[in-house]
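Single-letter residue listing:
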Amino acid sequence: MKRPLVVANWKMNPTSLHEARDISLSSDEKGVVICPPFVFMEAVKMNIKNAELGAQDCYLESSGSFTGEISPLMLGNVGCRYVIVGHSERRRVFNELPGIIKDKLKAVLDAGLSPILCVGENSKKDDAERVLEEQLGDIVEYLEDNVIIAYEPVFAIGTGEACSPGLAKKRREHIKEFIRSKRSNIVPSFLYGGSVGPENAACYIEEAGFDGLLVGGASLESDKFNIILQKLGW
Ligand code: 13P
């Protein structure tokens, strides 16, 4: 059976190079994608033999006067294969709107990389299906087969209150159907993210049928992360 894809989103952690080296060494497994902060990318690359590199974000141009930004072309040139686009923290903290997320997704695809597009409702009170459709609305026409969709409900991120596998499956089926209704030839793969830990990781794959996981906090704790991988059959 194909190994699930496990994407480690380190976010703005750890704070030192030696910790980044240690965590990357202990996460170095085939089927794992490590998304470190940009400053540690080269060091992580030197340490891994089996894992692949991903980025947490990027800008939408290839080069130019965009102080502080990193382009998908640069990411490809340092060995990145995946780029997270539209993470809820980018949407919420940095006011990224659907238009810019769409342009970033296009830029990642143009650079020959695989985008991991994050979508998810903000709270349990939201009309989740409407929110998901709005997040995908303009983007759906640009989707290609190598786009990975990460369903990450915001209420589950970093809270320890994961979405139940049953509800996550229902949401994924809605997203799949929405995409199928507009682009019947596109079959994306799906990750679940939001308080994934050793106790629930396998449920999203085995019960809910996701193709993989997007792991935040637990990916920084080697013991937890290794148990997650064991539970998935590593
Ligand atoms: P946690 O696993 O810490 O809830 O974070 C999820 C996430 O945002 C991954 O992108």
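Computed from a predicted structure; not experimentally measured.

*Asks:* Help me understand the site of the ligand, please; the structure alone is not making it clear to me.
*Replies:* Taken together, Asn 9, Lys 11, His 87, Glu 152, Ala 156, Ile 157, Gly 158, Gly 194, Ser 195, Leu 214, Gly 216 and Gly 217 are the residues near the ligand. Here Lys 11 contributes a side-chain N or O atom positioned 2.8 Å from an oxygen atom of the ligand. Here an oxygen atom of the ligand sits 2.9 Å away from a polar atom, N or O, in the main chain of Gly 216.

*Asks:* What exactly am I supposed to notice about the sheet that holds strand 7 (residues 189-193) here?
*Replies:* Pairing between the strands of a sheet comes from backbone hydrogen bonds, and it takes one of two forms, parallel or antiparallel. The parallel closed barrel is built from 8 strands, whose spatial order is 1-2-3-4-5-6-7-8. Looking at each pair of strands side by side, their axes are set apart by 25° on average, direction ignored. Running at roughly 140° to strand 6 (residues 148-151), helix 7 (residues 165-182) makes contact with strand 5 (114-119), strand 6 and strand 7 of the sheet.

*Asks:* What am I meant to see in the packing of aromatic side chains here?
*Replies:* Any pair of aromatic rings gets described here by the distance separating the centres and the angle formed by the planes. Enumeration over the complete set of coordinates arrives at 4 aromatic pairs. Note on Tyr 151 and Tyr 192: the rings are 6.4 Å apart at their centroids and 50° apart in plane angle, and the pair reads as tilted. With Tyr 151 in strand 6 and Tyr 192 in strand 7, the pair connects residues that are 41 residues apart, well separated along the chain. On the basis of relative accessibility, which here comes to 0%, the residue Tyr 151 falls in the buried class. Relative to Tyr 204, the ring of Tyr 192 has its centre 4.0 Å away and its plane inclined at 10°; by these criteria the two rings are stacked.

*Asks:* How should I be thinking about the pattern of salt bridges in this particular structure?
*Replies:* Close approach of charged atoms allows side chains of opposite charge to pair. Applying the stated criterion across every chain yields a total of 12 salt bridges. Residue Glu 96 is joined to Lys 104 by a salt bridge in which the shortest nitrogen-to-oxygen separation is 2.6 Å. Taking relative accessible area as the criterion, Lys 104 reaches 3% and is therefore assigned buried. Through salt bridges with shared partners, a single ionic network connects Asp 57, Arg 90, Glu 96 and Lys 104.

*Asks:* I keep staring at the pairing of strand 7 and nothing clicks. Help me out?
*Replies:* The two faces of the sheet receive side chains in turn, since in a regular strand these alternate between them. Counting buried positions over the 5 residues of strand 7 gives 4, a clear majority of the element. A crossover connection joins strand 6 to the parallel strand 7 through helix 7; in handedness this β-α-β unit is right-handed. Crossover connection from strand 7 via helix 8 (residues 201-206) to parallel strand 8 (residues 212-215): handedness right-handed.

*Asks:* What should I look at first to understand the side chain of Arg 172 in this one?
*Replies:* Relative to the assigned elements, Arg 172 resides in helix 7. A distance of 2.8 Å separates the side chain of Arg 172 from the side chain of Glu 173, its partner in a polar contact. If we skip the residues at most four places from it in the chain, Arg 172 touches Phe 190, Ala 208, Gly 209 and Phe 210.

*Asks:* Is there a simple way to explain the packing of helix 6 (residues 128-136) against helix 7 in this structure?
*Replies:* Between two packed helices, what matters for the description is the angle formed by their axes and the separation of those axes. For the pair helix 6 and helix 7, the least separation of the axes is 10 Å and the interaxial angle reads 45°. As far as their axial angle goes, helix 7 and helix 6 are oblique. Handedness of the crossing formed by helix 6 with helix 7: right-handed. Each of Ala 128, Glu 129, Leu 132, Glu 133 and Leu 136 in helix 6 lies in contact with helix 7, whose residues at this interface are Arg 171, His 174, Ile 175 and Phe 178.

So, how was this worked out
Residues numbered from 1 in each chain as written. Predicted model: local features only at pLDDT ≥ 70, side-chain atom pairs only at ≥ 80, totals over all residues. Heavy atoms only, no water. Near = heavy atom within 4 Å. Polar contact = N/O pair within 3.5 Å; in protein donor to acceptor, adjacent residues only side chain to side chain. Pairing = 2+ DSSP bridges. Helix = DSSP H or I, 4+ residues; strand = E, 2+ residues; numbered from the N terminus. Axes fitted to C-alpha atoms, helices over the stretch in contact; angles between N-to-C directions. Contact = heavy atoms within 4.5 Å. Phe/Tyr/Trp six-rings, centres within 6.5 Å; stacked < 30°, edge-to-face > 60°. Buried < 20%, exposed > 50% of the residue type's maximum accessible area, 1.4 Å probe, protein only. Salt bridge = Lys/Arg side-chain N within 4 Å of Asp/Glu carboxyl O. Right-handed = clockwise from strand over helix to strand, strands pointing away. Parallel < 35°, antiparallel > 145°, perpendicular 65-115°, else oblique. Left-handed = near helix turned anticlockwise from the far one by under 90°.

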